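Spelled out from the first residue to the last, the chains are:
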Amino acid sequence: MKRIVNRTEYCVGCGLCRINCIVEHSRSKHIIKAFRDENPRPEEAIKVLNRGAQAMAIQCQHCTTPYCISTCISGALQKEADGFVVHHPEKCVGCYSCVLACPFGSIRIREHEKKIFKCDLCRHRKKPACVEGCPNRALIQEENEKKEKET
Amino acid sequence: MKQAPIGVIGNSIAAISFIETLRQAGHRDKILLFSKEEYPAYGRPLISYLLAGKIDPDNIFLRSPDFYHKNNVEFLPGEEVTHLDISNHRGKTRSGKKFACDRLLIAAGSKPFIPPLKGIEEASKVFTFTTLDDAQRIQATLKNVKNVVIVGAGLIGLKAAESLSYKNKNISVVELSERILPSVLDKQGSGLFQQRMEKDGIHFYFKNTIQRVKVKNRNLCGVELENGNSLPCDLLIIAAGVKPNTDFLEESLLSENRAISVNRYMQTARDGIYAAGDICEAYDLIYNTVRHMPIWPNAYWQGHFAALSMAGIPYNFKGHVSMNSIGYKDLHMMSAGIVEDSGIPVESIVINRDKSYQRFNFQDEKLVGALFIGDVQEKGVITHLLKHQELVPRLKDKIQKENFSFLDYPREYRIHHLQKAQGKK
Ligand SMILES: Cc1cc2nc3c(=O)[nH]c(=O)nc-3n(C[C@H](O)[C@H](O)[C@H](O)COP(=O)(O)OP(=O)(O)OC[C@H]3O[C@@H](n4cnc5c(N)ncnc54)[C@H](O)[C@@H]3O)c2cc1C
């Protein structure tokens, strides 16, 4: 499975990953429309954290043994055979148990929908939008050699 | 010789997680799955959303329709196991079907506790609220119902009240203790939830219980409370807690809590017999004791670990932490560990912000509990510390800040944890 690797030592906190993520998950896929016109604004699945000179971008890690799935009362979060942790919004009831369980804080609450939102690894694209937008290769895409079925 | 199939009794989250983990571990033996209920596995907590009309009935099922087939499971809906001979690994269902399985998972969950109530046998429209059938039966009577009384202000009672409030019923809640959700909220938190629910016209009767159910021509018409008050009532919902569903089991499997006793590998007292979920006990890491912890994530993990054990895969597990994420309409709360009234002395830090209320409970340099009301974004970053106490001395002050995040964790830990999550460690 292709994963996004967060190389924190290279992150300068510029936030381009986040902007790319928002545009990619907008209806218009257009930066100005996405930020100015779309209401509610499209959600970001990646968060840029800053503390003084330190920065890091973080999104759903598609954990090999995910805490979030263990708490999902509706079956909205499921792990697919290839290792992706997938969210099916039509099944989500907004209990937010997964938010309480994710140790990375990578599951966002969409208040207006009463559902959650998280990284889908841009499976519809060749390369995730955040990775593509990162000027510093702080986010890279990497094939995980180890077998994903390991627990 | 052909291997006998693995038997699974129960068809809810513990069973599903057991099946998924076993298959992921490469174990292909056939599974025979007995389910008292007629349905494919569904999200039990979703029955309140169904009753409220908030979800499409097809979306209540946890997995896709081909789940059983895909996983080489012979699914036997409606087959309740009524007898289990644990010495000979044999059993029988209510319909008379016999089976023999040398490897067995008991995951038959819990059932509602029903307090003795005078007059209840004769009354119609008295329901519990733990199954899809319960929700459908309640749904079918709703049209002629005006006054609802709910016994119990715990999680199930609160969710029942929420769904019936969406249906514009006149609701009263009768609760033995002095407040809402006493095990997962502190006093102030209970107060916030009570206020929110009272705003919707829900009435509460605390430190009280039902003395007698009033019936007219076999129809429920009211309830009489212990303090002498009477309430009109044409639908009574009993939500007074759950207990392990162990009636069909031999005493030798049970603890004094009437739950199945299991070791850390989810093995019962009998070789080859494992148990998981609401039917058994769990080790609580924070209380440092074994107890009945009937919550969803525990059932999931116990099913997961039972499968790893059966497949002979080693694992490390520190213990369970009780966690709850509960909403009443627009008010949401999350809590973990010891919140209040546990008898264990704690140092509490309470933070009231504009739209949020938080409480942290420490014991020496350990974080033993946390409660969040209102603002609940990203709180997993904090509750994770309940399982990683070694980090608490360094992070104790930081978690109280509004913008606490994963970046506040020590660098070496961050790197290790990210790699571990991605399966590189
Ligand atoms: C309304 C409601 C809301 C809830 N909300 C939450 C929540 O938000 N968060 C949370 O953590 N927990 C919640 N819970 C608790 C949660 O649903 C349980 O902890 C969880 O379902 C336990 O799963 P389990 O697999 O142990 O068994 P259960 O879900 O109890 O299911 C038991 C299974 O065994 C079958 N069975 C029973 N007896 C037999 C038999 N003799 N033979 C064959 N099959 C049998 C049943 O048909 C069923 O399939 C809620 C519960 C209810 C009722």
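This one's a predicted model, so the numbers in the text were calculated from it and none came from an experiment. (Residues numbered from 1 in each chain as written. Chains lettered and ligands numbered in written order. Predicted model: local features only at pLDDT ≥ 70, side-chain atom pairs only at ≥ 80, totals over all residues. Heavy atoms only, no water.)

Asker: How should I be thinking about the interface of chain A and chain B in this particular structure?
Answerer: Interface size, as often reported, equals the accessible area lost upon joining of the parts. In this complex, chain A contributes 51 residues to the contact, which on the side of chain B involves 49 residues. A combined buried area of about 4,300 Å² lies between chain A and chain B, and 56% of that area is made up of carbon and sulfur atoms. In terms of surface lost to chain B, no three residues of chain A exceed R51(A), I73(A) and L100(A), which account for 17% of the buried area on that side. Connecting chain A to chain B are four salt bridges. For the interface between chain A and chain B, the tally reads 20 residue pairs in polar contact (both at pLDDT 80 or more). Grouping the amino acids of the side of chain A that touches chain B by side-chain chemistry returns 23 nonpolar, 16 polar and twelve charged. (Contact = heavy atoms within 4.5 Å. Buried area = accessible area lost by both parts, 1.4 Å probe. Salt bridge = Lys/Arg side-chain N within 4 Å of Asp/Glu carboxyl O. Polar contact = N/O pair within 3.5 Å; in protein donor to acceptor, adjacent residues only side chain to side chain. Nonpolar A, V, L, I, M, F, W, Y, C, P; charged D, E, K, R; others polar.)

Asker: Any chance you could explain the nonpolar core here in plain terms?
Answerer: The nonpolar side chains of a soluble globular protein tend to be buried, and buried together. In this structure, F18(B) and I106(B) are the most contacted members of the largest nonpolar core, which totals 150 residues. Of all the elements, helix α7 (residues 296-310) of chain B adds the most residues to this core, at nine residues. Formed by 21 residues, the second largest nonpolar core is a distinct cluster that contains M1(A), I4(A), A55(A) and F84(A). (Core = buried A, V, L, I, M, F, W, Y, C linked by side-chain atoms within 4.5 Å. Buried < 20%, exposed > 50% of the residue type's maximum accessible area, 1.4 Å probe, protein only. Helix = DSSP H or I, 4+ residues; strand = E, 2+ residues; numbered from the N terminus.)

Asker: Could you clarify how one ought to interpret empty space enclosed by the protein in this entry?
Answerer: In this approach the atoms are scanned with a rolling probe the size of a water molecule, which exposes any empty space left behind. Residue and element names in this part refer to chain A. Taken as a whole, this structure holds six cavities of 30 Å³ or more when the rule is applied. Its boundaries defined by the atoms lining it, the largest cavity holds a volume of some 120 Å³. Taken together, 16 residues form the lining of the largest cavity, with C11, C17, A57, C134 and A138 sitting closest to its centre. By residue class, the composition of the lining of the largest cavity is ten nonpolar, five polar and one charged. (1 Å grid on protein atoms, 1.4 Å probe; cavity = no way out; pocket = protein on both sides within 12 Å on 5 of 7 lines; lining within 4 Å. Points joined across faces, edges and corners; volume = space filled by probe spheres on them.)

Asker: Whenever I open this one, the pairing of strand β23 (residues 347-353) of chain B confuses me. Can you help?
Answerer: Looking down a regular strand, the side chains alternate between one sheet face and the other. Residue and element names in this part refer to chain B. As defined by bridge partners, β23 adjoins strand β24 (residues 356-363) across seven bridges and the pair is classed as antiparallel. By the bridge assignment for β24, S348 is matched with N361. Linking two consecutive strands that pair antiparallel, namely β23 and β24, is a turn of two residues. (Pairing = 2+ DSSP bridges.)

Asker: Sorry if this is basic, but what is going on with the pattern of salt bridges here?
Answerer: Pairs can form between side chains of opposite charge once their charged atoms are near each other. Counted by the stated rule, this structure contains 37 salt bridges over all chains. A salt bridge links D82(A) to R123(A); the shortest N-O distance between them is 3.5 Å. Of this pair, D82(A) sits in the loop between β4 (77-79) and β5 (85-87) while R123(A) sits in the loop between β7 (115-117) and α5 (129-133), placing them 41 residues apart in sequence. Note on D82(A): relative accessible area 33%, which makes it partly exposed. The exposure class of R123(A) is partly exposed, given its relative accessible area of 41%. For E347(B), the salt bridge goes to K396(B), with nearest N and O atoms at 3.4 Å. On the criterion of sequence distance, the pair formed by E347(B) in strand β23 and K396(B) in the loop between α9 (392-395) and α10 (411-421) is long-range, its members being 49 residues apart.

Asker: Please explain the packing of aromatic side chains as it appears in this structure.
Answerer: To describe a pair of aromatic rings, you give the distance between the ring centres and the angle between the ring planes. On inspection of all chains with the given rule, the structure shows 16 aromatic pairs over all chains. Each ring, one from Y67(A) and one from W301(B), has its centre 6.2 Å from the other, and the planes form 70 degrees; the classification is edge-to-face. With Y67(A) in helix α3 (residues 67-71) and W301(B) in helix α7, this residue pair bridges two chains. Overall, Y67(A) belongs to the partly exposed group, its relative accessible area being 24%. Residue class for W301(B) comes out buried when judged on its relative accessible area of 10%. Taken together, a centroid distance of 5.9 Å and an interplanar angle of 75 degrees make the contact between F360(B) and F372(B) edge-to-face. Taken together, the residues F360(B) in strand β24 and F372(B) in strand β25 (residues 366-373) connect sequence positions twelve residues apart. (Phe/Tyr/Trp six-rings, centres within 6.5 Å; stacked < 30°, edge-to-face > 60°.)

Asker: Sorry if this is basic, but what is going on with the site of the ligand here?
Answerer: All names here are of chain B. If you check the shell around the ligand, you find 33 residues, and the closest are S12, R44, V81, N245 and D278. One of the side-chain N or O atoms of S12 is found 2.7 Å from an oxygen atom in the ligand. Take P294: an N or O atom from its main chain is 3.4 Å from an oxygen atom of the ligand. In the complex, the protein chains occlude 95% of the 1,000 Å² of accessible area that the ligand would expose alone. Residue assignment for the shell around the ligand shows that the elements contributing at least two residues are α1 (13-24), β2 (31-35), α5 (155-166) and α7. It is α7 that contributes the most residues to the shell around the ligand, three residues altogether. (Near = heavy atom within 4 Å. Areas by Shrake-Rupley, 256 points an atom, 1.4 Å probe, with all protein chains shown as cover.)

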